[in-house]
Amino acid sequence: MQAFDEASKANLRQVFRTRRLLALEAEPTLQARIRDQARQELRRRHRDDDLRHSVGLYWPLPGEVDLTPLRLELVNELGLSTALPAADGHGNMTYRTWSAAPLKKDGCGIPAPLDQPALSAEQISLLLVPALAVDRKGIRLGYGGGYYDRLRCLERWSGIPALVVLPSACVSVQALPSDPWDQPFQGWLSENGCHQTMP
């Protein structure tokens, strides 16, 4: 699998941002289909007793798959708690319990449960993370802030199962540029289901 050149990261972000936008515009039901696959995967993991603690979701930025409707299903139907990331605007991020309390904008201007205490890695069973792209080895292309990278390179967080959520059009057949601190994701969720990364 040929890798992209490291210098092309900025260009890749634009390429995959456009690819994601075109995929969502071409198929109005794509968001719902991806959300349904996420729902099925969460229910499967719950049946397998793999979700004993909080499920880390995310507040969607424009163009990202919106999983927020799953929160009440997880809480009310499966009896699970959910969490959202909270960034400080300086490269650090925590996860906090997503309760019914109003959300406030974090250091990056994204709604987050800032009034809740930070959760430890041991209090999270699964992270679902947005992305511009992912390759088949689980390397994620984000927006360049490094928040998820910094968190997941911490030893206690590196073992938490984590899946990228995105349209299949944004799964790269070429290896994406990676840095030594990048932690591969275990797989990705798209409209075609849940896929495990290659070893």
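Data block above holds the structure.
Parameters at a glance
- Residues numbered from 1 in each chain as written.
- Predicted model: local features only at pLDDT ≥ 70, side-chain atom pairs only at ≥ 80, totals over all residues.
- Heavy atoms only, no water.
- Pairing = 2+ DSSP bridges.
- Helix = DSSP H or I, 4+ residues; strand = E, 2+ residues; numbered from the N terminus.
- 1 Å grid on protein atoms, 1.4 Å probe; cavity = no way out; pocket = protein on both sides within 12 Å on 5 of 7 lines; lining within 4 Å.
- Points joined across faces, edges and corners; volume = space filled by probe spheres on them.
- Nonpolar A, V, L, I, M, F, W, Y, C, P; charged D, E, K, R; others polar.
- Axes fitted to C-alpha atoms, helices over the stretch in contact; angles between N-to-C directions.
- Contact = heavy atoms within 4.5 Å.
- Expected span 1.5 Å × (residues − 1).
- Buried < 20%, exposed > 50% of the residue type's maximum accessible area, 1.4 Å probe, protein only.
- Arc of directions from axis to C-beta.
- Phe/Tyr/Trp six-rings, centres within 6.5 Å; stacked < 30°, edge-to-face > 60°.
- Lys NZ or Arg CZ within 6 Å of the ring centre and 35° of its normal.

**Q** Can you explain the sheet that holds strand β10 (residues 171–172)? Please cite residues and give values.
**A** The strand order β8-β7-β10 describes an open sheet built from 3 strands, whose pairing is mixed. Each edge of the sheet is formed by a strand with only one pairing partner; in this case those strands are β8 (140–141) and β10. In the sheet, strand β7 (residues 133–135) pairs with β10 via 2 bridges, with the strands oriented parallel. Counted as the bridge partner of valine 134 is valine 171 from β10.

**Q** So, the layout of surface pockets: which residues are in play, and what are the values?
**A** For the largest pocket, the calculated volume is near 590 Å³. Of all the secondary structure elements, the ones that give two or more residues to the lining of the largest pocket are α1 (9–26), β2 (82–87), β8 and α4 (147–152). Among the elements that take part in the lining of the largest pocket, α4 stands out by supplying 4 residues, more than any other. In the lining of the largest pocket, the residues fall into 18 nonpolar, 5 polar and 9 charged.

**Q** Account for the sheet that holds strand β11 (residues 187–190), with residues named and values stated.
**A** Taken in spatial order, the 7 strands of this open sheet run β3-β2-β1-β6-β9-β11-β12, and their pairing is mixed. Because the sheet does not close on itself, it has two edges, and the strands there are β3 (93–97) and β12 (193–196). The sheet shows a mean angle of 30° between the axes of neighbouring strands, direction not considered. For strand β9 (residues 162–165) and β11, the ladder comprises 3 bridges, and the chain directions are parallel. Across the sheet, residue leucine 163 finds its bridge partner in β11, namely glycine 187. With respect to the sheet, helix α2 (residues 30–47) is in contact with β1 (54–56), β6 (124–130), β9, β11 and β12, its orientation differing from that of β11 by roughly 130°.

**Q** I'd love a proper account of α1, names of residues and values included.
**A** Taking 1.5 Å per residue as the helical rise, α1 with its 18 residues ought to reach 26 Å, and the 25 Å between its terminal C-alpha atoms agrees with that figure. Among the residues of α1, Lys9, Leu12, Arg13, Phe16, Arg20, Ala23 and Leu24 are the ones counted as buried. Buried residues along α1 cover an arc of 100° about the axis, so they all sit on one side. Turned more than 90 degrees from where α1 packs its buried face, Ala10, Asn11, Glu25 and Ala26 sit exposed. Looking at the packing, one finds that the buried side of α1 touches α2, β7, β8 and β10.

**Q** Before we move on, can you summarise the packing of aromatic side chains with the specific residues and values?
**A** For the structure shown, the criterion picks out 2 aromatic pairs. Seen from their ring centres, tryptophan 59 and tryptophan 98 are 6.1 Å apart, and the 70° between their planes marks the pair as edge-to-face. Taken together, the positions of tryptophan 59 in the loop between β1 and α3 (70–77) and tryptophan 98 in the loop between β3 and β4 (104–105) put the pair 39 residues apart, joining distant regions of the chain. You can call tryptophan 59 partly exposed: its relative accessible area is 32%. For the cation-ring pair, arginine 71 lies above tryptophan 98, with the distance from its terminal atom to the ring centre recorded as 5.2 Å. Just above the ring of phenylalanine 185 sits the side chain of arginine 152; from NZ or CZ to the centre is 3.9 Å.

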